[in-house]
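# Commentary on secondary and tertiary structure
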Amino acid sequence: MLRHDTNAISVVDDQNDIELKHSVAELIESVGGLPDHPSENKNAAYWGKLEKVREMREITIANLERPAKKILTNIMQLPKRWKDYTMNDVAEAVHDEYPGQHQAEFIFDLLNGKYGRVQIDDTIIPRRARAQFLHGIVMLADLNTWSVSNVGPYNFGAKWFAGRARPEEVAWKIKTGELEMAPQWIKSKIDKFPDFTSPEKFTNYQEGSPRHPSWPAMHSAASNISFWIQIVMRLTPNQLCEAKKVDYAVAYARTIAGVHFEDDNIAGLDMGQEIVGRDLPGYIESKYGTDAERIERKMENKRFKW
């Protein structure tokens, strides 16, 4: 029904999809299990998570044209390309942009020396000649696109498996009185949300959230360059730090825009890394001839949790 009788986006059947080679249920467990949902328990952690989105939206609305680096100083470090962004710029940076765009811009800056000297790891990506092009920028562009397309079906399989409602959906049901189970304190705060005349108004976007479930966040799952680029390059600590800032900024900006809970983002970041970690050795081996076990050995020292 979802596929053919609704306008739901990219409905993936976790039991029967040609692109899925790993168990979606196992991937969900790898990031800590299924997300929570609205509960009759007034003290449930879920209500605090919704409050964090509401709070960030009100902060953003009140400071739309102010420098994000000042408003977010205790929350996150902005990537260098975003250093002069306003809060509105941050929210709009992750609004229907080309998949992998911000990671591609990081690659461009990295290879142009913005973060210091760069070095491909030629024990992982074999050197053809002294000057690298095909096994340099072309290889990085390919991996950036591959990582997004490889993660996507699993992420959407997990979304439809978990079925978590978007923050705007829950907030609107509280606003209209349909969700009576919500605790009074969150009802009061939602009731005072500025200009809340439709569900979409909870977000930074005229059309509101995408028409697929909230958890795990796809922007976050696709933001895994800070993992895979360590496998094919020899990064300095400064270069790795900037890669992590890019990935986290793309993820958290979706909460600034009001379309994701914070834990949607963390689950997405961790799940994206898990999927890429499972498939990258085989992909590099098939394309560049490097033994998969060599890649796995290096990869074991580069994994991290958000």
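Residues numbered from 1 in each chain as written. Predicted model: local features only at pLDDT ≥ 70, side-chain atom pairs only at ≥ 80, totals over all residues. Heavy atoms only, no water.

## Examining the overall build of the protein chain
- Of the regular secondary structure elements, the protein chain holds 14 helices and 0 strands.
- For 306 residues, the compact-globule estimate of 2.2 N^0.38 gives 19 Å, and the C-alpha radius of gyration of the protein chain, at 20 Å, lies within 12% of that figure.
- Here the C-alpha coordinates of the protein chain stretch approximately 65 × 45 × 35 Å along the principal axes.
- Counting across all 306 residues of the protein chain, residues that qualify as buried make up 50%.
- For the protein chain, contacts bridging at least 24 residues in sequence account for 77% of all contacts bridging at least 6. (Helix = DSSP H or I, 4+ residues; strand = E, 2+ residues; numbered from the N terminus. Rg over C-alpha atoms; globule rule 2.2 N^0.38 Å. Buried < 20%, exposed > 50% of the residue type's maximum accessible area, 1.4 Å probe, protein only. Contact = heavy atoms within 4.5 Å.)

## Focus on the nonpolar core
- Among the nonpolar cores identified, the biggest contains 47 residues, and W228 and V232 are the most heavily contacted of them.
- Mapped onto this core, the elements with two or more residues apiece are α2 (24-30), α6 (101-111), α7 (137-162), α10 (218-221), α11 (225-232), α12 (237-256), α13 (262-288) and α14 (292-300).
- With 10 residues, the top contributor of residues to this core is α7.
- Each residue touching W228, except ones within four places of it in the same chain, is listed here: I107, L140, L143, N144, S147, V276 and L280. (Core = buried A, V, L, I, M, F, W, Y, C linked by side-chain atoms within 4.5 Å.)

## Examining the side chain of R54
- Position of R54 among the secondary structure elements: in helix α3 (residues 45-62).
- R54 gets classed as buried once you look at its relative accessible area, which sits at 7%.
- Looking at R54, its side chain comes within polar contact range of the side chain of E51, at 2.6 Å.
- In terms of polar contacts, R54 uses its side chain to reach the side chain of E58, at 2.8 Å.
- Those residues within four positions of R54 in sequence are excluded, and the remaining contacts are K189, I190, F193 and F202. (Polar contact = N/O pair within 3.5 Å; in protein donor to acceptor, adjacent residues only side chain to side chain.)

## Points about α6
- Residues H102, Q103, F106, I107, D109 and L110 constitute the buried set of α6. Buried residues of α6 fall within an arc of 165° about the axis and therefore sit on the same side.
- G113, located one to two residues past α6, shows a positive phi value of around 80°. (Arc of directions from axis to C-beta.)

## Focus: the pattern of salt bridges
- Taken as a whole and judged by the stated rule, the model has 23 salt bridges.
- Residue K52 pairs with E262 through a salt bridge whose shortest N-O separation is 3.8 Å. One end of the pair, K52, is in helix α3; the other, E262, is in helix α13, and 210 residues separate them in sequence.
- Ionic pairing is found between R127 and D122, a salt bridge with its closest N-O pair at 3.8 Å.
- Among the charged side chains, a network of salt bridges with common partners joins D36, K49, R164, D263 and D264. (Salt bridge = Lys/Arg side-chain N within 4 Å of Asp/Glu carboxyl O.)

## Focus on the side chain of Q230
- Summarising the element assignment, Q230 is placed in helix α11.
- The residues contacting Q230, other than those within four sequence positions of it, are L235, L240, K298, K302 and F304.

## Things to note about the environment of V151
- Relative to the helices and strands, V151 is located in helix α7.
- A C-alpha to C-alpha distance of 7.0 Å links V151 and V276, two positions 125 residues apart in sequence.
- Setting aside its immediate chain neighbours within four residues, V151 contacts A221, A222, N224, G272, I275 and V276.

## Some words on a nonpolar patch on the surface
- A contiguous nonpolar patch, built from F133, L134, I137 and V138 and spanning about 350 Å² of accessible area, is present on the exposed surface.
- Counting through the fold element by element, I137 comes out in helix α7.
- In this structure I137 comes out as partly exposed when scored by relative accessible area, which is 37%. (Patch = residues over 30% accessible without salt bridge, like charges linked within 9 Å, V, L, I, M, F, W, Y side chains within 5 Å. Areas by Shrake-Rupley, 256 points an atom, 1.4 Å probe, with all protein chains shown as cover.)

## A word on α11
- Of all 8 residues that make up α11, 8 are buried, and the element is covered over most of its length.
- For α11, the full list of buried residues reads I225, S226, F227, W228, I229, Q230, I231 and V232.
- Elements that come into contact with the buried residues of α11 comprise α6, α7, α12, α13 and α14.

## Some thoughts on the environment of G268
- Examined against the element boundaries, G268 turns out to sit in helix α13.
- Classification of G268 by relative accessible area gives buried; the value is 0%.
- In sequence terms G268 and S223 are 45 residues apart; their C-alpha atoms lie 8.4 Å from each other.
- Discounting residues that sit within four places of it in the chain, G268 has contacts with P216, A217, S220 and A221.

## Let's talk about the packing of α3 against α12
- Running from N to C, α3 and α12 point in directions that differ by 85°, and their axes come no closer than 8 Å. One element, α3, and the other, α12, form an angle in the roughly perpendicular class. Contacts between α3 and α12 involve V53, M56, R57 and T60 from the former and Y252, T255 and I256 from the latter.
- Looking at the contact of α3 with α12 residue by residue, the classes come out as 4 nonpolar, 2 polar and 1 charged. (Axes fitted to C-alpha atoms, helices over the stretch in contact; angles between N-to-C directions. Parallel < 35°, antiparallel > 145°, perpendicular 65-115°, else oblique. Nonpolar A, V, L, I, M, F, W, Y, C, P; charged D, E, K, R; others polar.)

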